[in-house]
Amino acid sequence: MAEKYLRILVDSFHGYWNYLQNELLYPSFHNYFYWLLALSLIVWFLEIVFPWRTEQSIVRKDFWLDGFYMLFNFFIFSLIGFYAISNVATQAFNDFLLLFGIENIVVTNIQRWPVWSQYILMFFVADFIQWNIHRLLHKSPRLWEFHKVHHSVEEMGFAAHFRFHWMESVIYKTIQYIPLAMIGFGLKDFFIIHIVAIAIGHLNHSNIQITYGPLKYIFNNPVMHIWHHSKELVDKTHGVNFGLSLSIWDYIFKTAYIPKSGRDIKLGFEKVERYPQNFFSQVIQPFKKGI
Ligand SMILES: [Zn+2]
Ligand SMILES: [Zn+2]
């Protein structure tokens, strides 16, 4: 039994390493690395041409730190082990279910639906689960210590999207795995949904004043998300506007809040200026709090 898990672990490391090499060597339309690079350059270009905070520099505070977070959270963390460990965990979970004679936990026949409707359902369901997890990250004092890394951004720009503690990937993926698996969605499906989510997430954090007109009640946007990062609101209310790709949940559940233009509001949390400033000290910071 242990050998089986070890083999999955080793195969996954190899598999991911080969995958990463292929990603870098062979650009294609089904390639995360070049999509991430292209979307980053496009949104950065838009920030330069149409800046909301005109006095903010093109290479803002922590630009390179956030660029490193982007590479780390998207590729290196997976390379180091997340991909391998999650494969083992998935196998262990399925084996555990087999003990009770459960071969799969799929409760619907979603695969028979037209593909476009599967995509839309997946996008909405996953986003709603993530909205709840995001609220949990704010409510739970322990989880907040991890989420503080994301809220330590003081000058907002597209790359801040990926400034988050690797533990967030573990929390999000673990909590959403079971409900998504129950409706027949696996971990690796839906490339296009990931790309759309990255594009919206980049824009949410960008220095651009864009709201998509009436679609602002469905899609999150930078004018709304900046208030999520408001120093004052984070400290006083545990936050507002928890949406990731979609804003609709905040409107439905009354956590949407845009009192005025958030162009120049202070970002962060109490004593953010004393928060560690570099990658390694930020990553170990939550563990210092005795978790
Ligand atoms: Zn947050
Ligand atoms: Zn954010």
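A brief look at the structure comes next. Because the structure is predicted, anything quoted here is derived from the model rather than measured.

**Quick look at the overall build of the protein**
(1) Moving on: Across its full length, the protein holds eleven helices and zero strands.
(2) Moving on: Each helix and strand of the protein, ordered N terminal to C terminal, gives the series α-α-α-α-α-α-α-α-α-α-α.
(3) Moving on: Taking 291 residues into account, the globule formula puts the C-alpha radius of gyration at 19 Å, and the protein, at 20 Å, falls close to it.
(4) Moving on: For the C-alpha atoms alone, the extent of the protein along its principal axes is close to 60 × 40 × 40 Å.
(5) Moving on: Counting over 291 residues, the protein shows a buried share of 48%.
(6) Moving on: In the protein, the proportion of contacts linking residues at least 24 apart, taken out of those at least 6 apart, comes to 76%.
(7) Moving on: Carbon and sulfur atoms provide 68% of the accessible area of the protein, an area that totals close to 15,600 Å².
(8) Moving on: Side-chain charges of the protein comprise 24 positive and 21 negative groups, with the mean position of each set lying 5 Å from the other.

**Concerning the coordination of the zinc ion (ligand 1)**
(1) Moving on: Every protein donor of the zinc ion (ligand 1) is accounted for by His134 (NE2), His138 (NE2), His147 (NE2), His151 (NE2) and His228 (NE2), and the metal-donor separations fall at 2.0 to 2.2 Å.
(2) Moving on: We note that the donor set of the zinc ion (ligand 1) lies within a single chain, spaced as H-x3-H-x8-H-x3-H-x76-H.
(3) Moving on: Between the zinc ion (ligand 1) and the zinc ion (ligand 2), a spacing of 6.0 Å is present. Taken together, the residues His147 and His151, both in helix H5 (residues 141-151) and four residues apart, mark about one turn of the helix. Each member of the pair, His147 together with His151, is buried.

**Things to note about the side chain of Arg53**
(1) Moving on: Mapped onto the fold, Arg53 is located in the loop between helix H2 (32-49) and helix H3 (63-99).
(2) Moving on: For the buried residue Arg53, which engages in no salt bridge, the nearest side chain bearing the opposite charge is Asp264, 6.0 Å off.
(3) Moving on: A polar atom in the side chain of Arg53 sits 3.1 Å from the backbone oxygen of Met156.
(4) Moving on: Setting aside residues up to four positions removed in sequence, Arg53 forms contacts with Met156, Ser206, Asn207, Ile226, Arg263 and Asp264.

**Focus: the packing of H5 against helix H6 (residues 166-182)**
(1) Moving on: At a minimum axis separation of 9 Å, H5 and H6 run at an interaxial angle of 120°. Taken as axis vectors, H5 and H6 run oblique relative to one another. As for how H5 packs across H6, the hand of that crossing is left-handed. Residues Leu143, Phe146, His147 and His150 of H5 form the contact with H6, whose participating residues are Met167, Glu168 and Ile171.

Calculation rules
Residues numbered from 1 in each chain as written. Chains lettered and ligands numbered in written order. Predicted model: local features only at pLDDT ≥ 70, side-chain atom pairs only at ≥ 80, totals over all residues. Heavy atoms only, no water. Helix = DSSP H or I, 4+ residues; strand = E, 2+ residues; numbered from the N terminus. Rg over C-alpha atoms; globule rule 2.2 N^0.38 Å. Buried < 20%, exposed > 50% of the residue type's maximum accessible area, 1.4 Å probe, protein only. Contact = heavy atoms within 4.5 Å. Areas by Shrake-Rupley, 256 points an atom, 1.4 Å probe, with all protein chains shown as cover. Lys, Arg positive; Asp, Glu negative; His and termini not counted. Charge placed at Lys NZ, Arg CZ, Asp CG, Glu CD. Donors = N, O, S within 2.8 Å, 3.2 Å for Na, K, Ca; no water. Salt bridge = Lys/Arg side-chain N within 4 Å of Asp/Glu carboxyl O. Polar contact = N/O pair within 3.5 Å; in protein donor to acceptor, adjacent residues only side chain to side chain. Axes fitted to C-alpha atoms, helices over the stretch in contact; angles between N-to-C directions. Parallel < 35°, antiparallel > 145°, perpendicular 65-115°, else oblique. Left-handed = near helix turned anticlockwise from the far one by under 90°.

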